[in-house]
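Commentary on secondary and tertiary structure
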Amino acid sequence: MKQSITKLYVLGLFLALSLGMTAQSKVKGKLVDSSNNEPLIGAAIYLQTDKSIGTVTSLDGTFELGLANGKQVLVLSYLGYVDQVKTINVNGDTNLGTIKLESSSVGLNEVAIIASVAVDRKTPIAMSSLKADLIESKLGTQEFPEILKTTPSIYATKQGGGFGDSRINVRGFNQRNVAVMINGVPVNDMENGWVYWSNWAGLADVTRMMQVQRGLGAAKIAVPSIGGSINILTNTTEAEKGGTFRAGIANDGYEKLSMTVSTGMNEKGWAASISLAKTQGDGYVDGTEFESYSYFLNISKRINDHHSLAFSVFGAPQEHGQRSYTQEVSQYLESKSGIKYNENWGYRDGEVQTLRLNHYHKPQAILNHNWTIDDNTYLGTALYASIGSGGGTGPLGDDSSMFYDLKDGQIDFDSIVDNNIANGDAGSSAIIRDSRNDHEWYGVISNLRKTIDNLTLSGGFDGRYYVGHHFREVDDLLGGDYYLDDADLNNADHYARVGDKIDYYNDGKVAWLGLFAQAEYSVDKISAFIAGSASRKSYKRIDYFNYLDSDPDQETDWQSFGGFSVKGGLNYNLNDHHNFFINGGYMETQPDFDAVFLNYINLINDDAVNEKIKTFEVGYGLRTATFSANLSAYYTYWADKTFTDTDSEDIDGDGTEEDVTINILGVDARHMGVEFDFNYQPNNKLSITGMASLGDHIWVNDIDNVQAYVDNVAVGDPYSLYIADAHVGDAAQTTAALGVQYEVLKDFKLSLDYVYYEKLFADFDALDRTSADDAGDVWELPEYGLLDGSFIYKFKLGGLDASFMGKVDNILNTEYFSEGDDGSTGLDAEVFYGYGRTWSTSLKINF
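Below is a summary of the structure that appears in this document. None of these values were measured; they are calculated from a predicted model. (Residues numbered from 1 in each chain as written. Predicted model: local features only at pLDDT ≥ 70, side-chain atom pairs only at ≥ 80, totals over all residues. Heavy atoms only, no water.)

Points about the packing of aromatic side chains
One pass over the structure, following the stated rule, counts 33 aromatic pairs. Each ring, one from Phe-173 and one from Trp-638, has its centre 5.4 Å from the other, and the planes form 50 degrees; the classification is tilted. Of this pair, Phe-173 sits in the loop between β11 (167–170) and β12 (178–182) while Trp-638 is found in strand β41 (residues 627–649), placing the two residues 465 residues apart along the sequence. Residue classification places Phe-173 among the buried positions, given a relative accessible area of 2%. According to the relative accessible area criterion, Trp-638 is buried, its value standing at 6%. With a centroid separation of 5.6 Å and 50 degrees between ring planes, the pair formed by Phe-791 and Phe-804 is classed as tilted. Residue Phe-791 is located in strand β49 (residues 784–797), and its partner Phe-804 is located in strand β50 (residues 800–809); the two are separated by 13 residues in the primary sequence. What makes Phe-791 partly exposed here is its relative accessible area of 24%. (Phe/Tyr/Trp six-rings, centres within 6.5 Å; stacked < 30°, edge-to-face > 60°. Helix = DSSP H or I, 4+ residues; strand = E, 2+ residues; numbered from the N terminus. Buried < 20%, exposed > 50% of the residue type's maximum accessible area, 1.4 Å probe, protein only.)

See the structure below:
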């Protein structure tokens, strides 16, 4: 009996020890960004000895992992951050608390301060942030702004479909009124505010984060953020040694090769990264062949605990064919190419010849100095310079209409060449000109930040100087010996050859000085800010063709305009799940260059005034481990919008028309709407995202007594413009999206995204509405929806981490108009068709 009891005791002890050895406990924790305490969503946590035992963080950055009791070594990993290895002794349920991961990019946190990156549940604005992994997996061959199309109140199109010709609207405002900043440096054109995305063709390869701030946003400096701002943070340089290689192919001969290499930070504080890429293809649209090279270089130096320097330079020399203007629906239908049709090219001696070719190179260099004065005081300064060179080709000459006498739907270049040869000594009467817009742009931004208990004060200045060189030159004489140009008063009857300046030649100078200040208060559940800026923008114009060199009017005096903004907001975190925010502001922005100097000469517009914008916004946020959502409503009133235009009128009543300048003042617009987006992740394999935005954007008032001018002298009878209650065109006012991502197999994810657009009104010219009969709404294009799909598979290749990605856009091959012009319907409607079904694949290897 005693022996039996002993055996049972030994057996029980053995079972107990066995169970103890295999017993599991729950290990919990939360991963956040060390710089702003934002949760890191989708970060990986796994055993160092067995990657198959692991999990990922939820929407609030939390994780829970079952581990056997005893000593365990965990790896905490997230793309763009330095891996953290943590040794723990598991003995029952363990809570590791909040764990902060450091960015792997040296100096990125300092750049984020200058860039005014907003923080969730703290900065009281409506915003959406995209990390590098999402951009990488879902961009494919889309244009860079299109990655934002599943965010509220965004409408992005490819315009004519040429490489880099895309544009973006935010809350119904076009790119001139959306501030785009790269590492805190504004890149909107200093003269007209536009953003040319082809200049930044390689940006997607080096973007660490892209944040859209809708409305006035959090930018401290005075920027044209009426609709919103787009903050792009690139890689600085990696703290760890390594690199990536990527190769991709896609439809229509698309090919891309890219490589990034980083030295890592050495013991003396030096680090460097370089990224190179080449992209080429035939283009989806006929006649839009392209070739682009991009480069990015960053060199960083940590001098000591207080000072660091970072120098970066990046650019993307490129050339691409364009479809520059909307075309009638009948032209597409009658062509063999269908929606790919483009009338801006043809054949010359059997070889393809493009009429409209864009070519540009805009390198930008930035030197950042970061000075941590003490634990509570920081000074960041960025010096930058950009030298742009290039332009776009097109038709010119007395017989330039021959470019539109199409043969089989294309330009008959051989007939034009024959006509120019037949002209003999009279020279070419139809040529290809190159409209150049070279420039030099220099600037400095400096931001001092001081924290006193719960109050953070910041302020600084923003200085810029810009010179734009605008001229045309002969690109191709098309068979003739010269082109006779009489535009230059200093060189009458100029027999121009290839490379000579013709038609116009002028410089535009812009000087800018801005001061800004902001106070942020954050305690417990409340965070609030108030900010203000003041700026002075000055313009000068020098005209080398329309005035003699001896004429003092060849160069204008500086024309200066003051501007300012004031804004503030408050965020209240009710608890860990709910937050509310409110913000508002008032801004006065200076008129654009073309509103100051009329009719493309040194004619100063004495009536040019500032545009005035007032805006108000409220919002709500919900955050749980599996579900997050945002709801916001906005109201923006835009007063004294200035339009300038040229028209032709019979001034003397003799049947001869001459160019007149139209200066339209006092136009008001109202933009209001509601936005909603959500993210639902019930488990580690499934993610469901969605958004909807309902906008109502209209022109508010008719305009009376619009006067035409010739040389600043009023001519003809004034007239009225009938635009009241017409919808603002060129952007869908109702948008929606639904996306699903599912991990089908380990390391293999599939994604589907559906986007829908409605209330897309055509673009229109106010000068087309000069009669009461013209009053009413503009043409509303048909609504449409697009289904996109993508996949990513991660695997090992020769011991290296690799990933294979693929994407299909417009899976259903939906036919739709992405843009249109008002004033015509049916087969006569002038439109851009959007792309049909396209595909792309790429292989990426990390080393």
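Here we look at unusual backbone geometry
A positive phi angle, close to 65 degrees, is found at Asn-37, a residue other than glycine. Relative to the assigned elements, Asn-37 resides in the loop between β1 (24–33) and β2 (44–47). Judged by its relative accessible area of 45%, Asn-37 falls in the partly exposed class. Not every positive phi belongs to a glycine, and Gln-159 is a case in point at roughly 50 degrees. Taking the relative accessible area as the measure of exposure, Gln-159 reaches 24% and is therefore partly exposed.

Some thoughts on the sheet that holds strand β24 (residues 345–348)
Here 3 strands make up an open sheet; going across it, the order is β25-β24-β29 and the pairing mixed. Across the chains shown, the open sheet's two edge strands, defined by having one partner strand only, are β25 (351–354) and β29 (411–412). Here 2 bridges tie β24 to β29, and the two strands are oriented parallel to one another. Bridge pairing links Tyr-347 to Asp-412 in β29. (Pairing = 2+ DSSP bridges.)

Any functional reading would require information beyond the geometric quantities listed.
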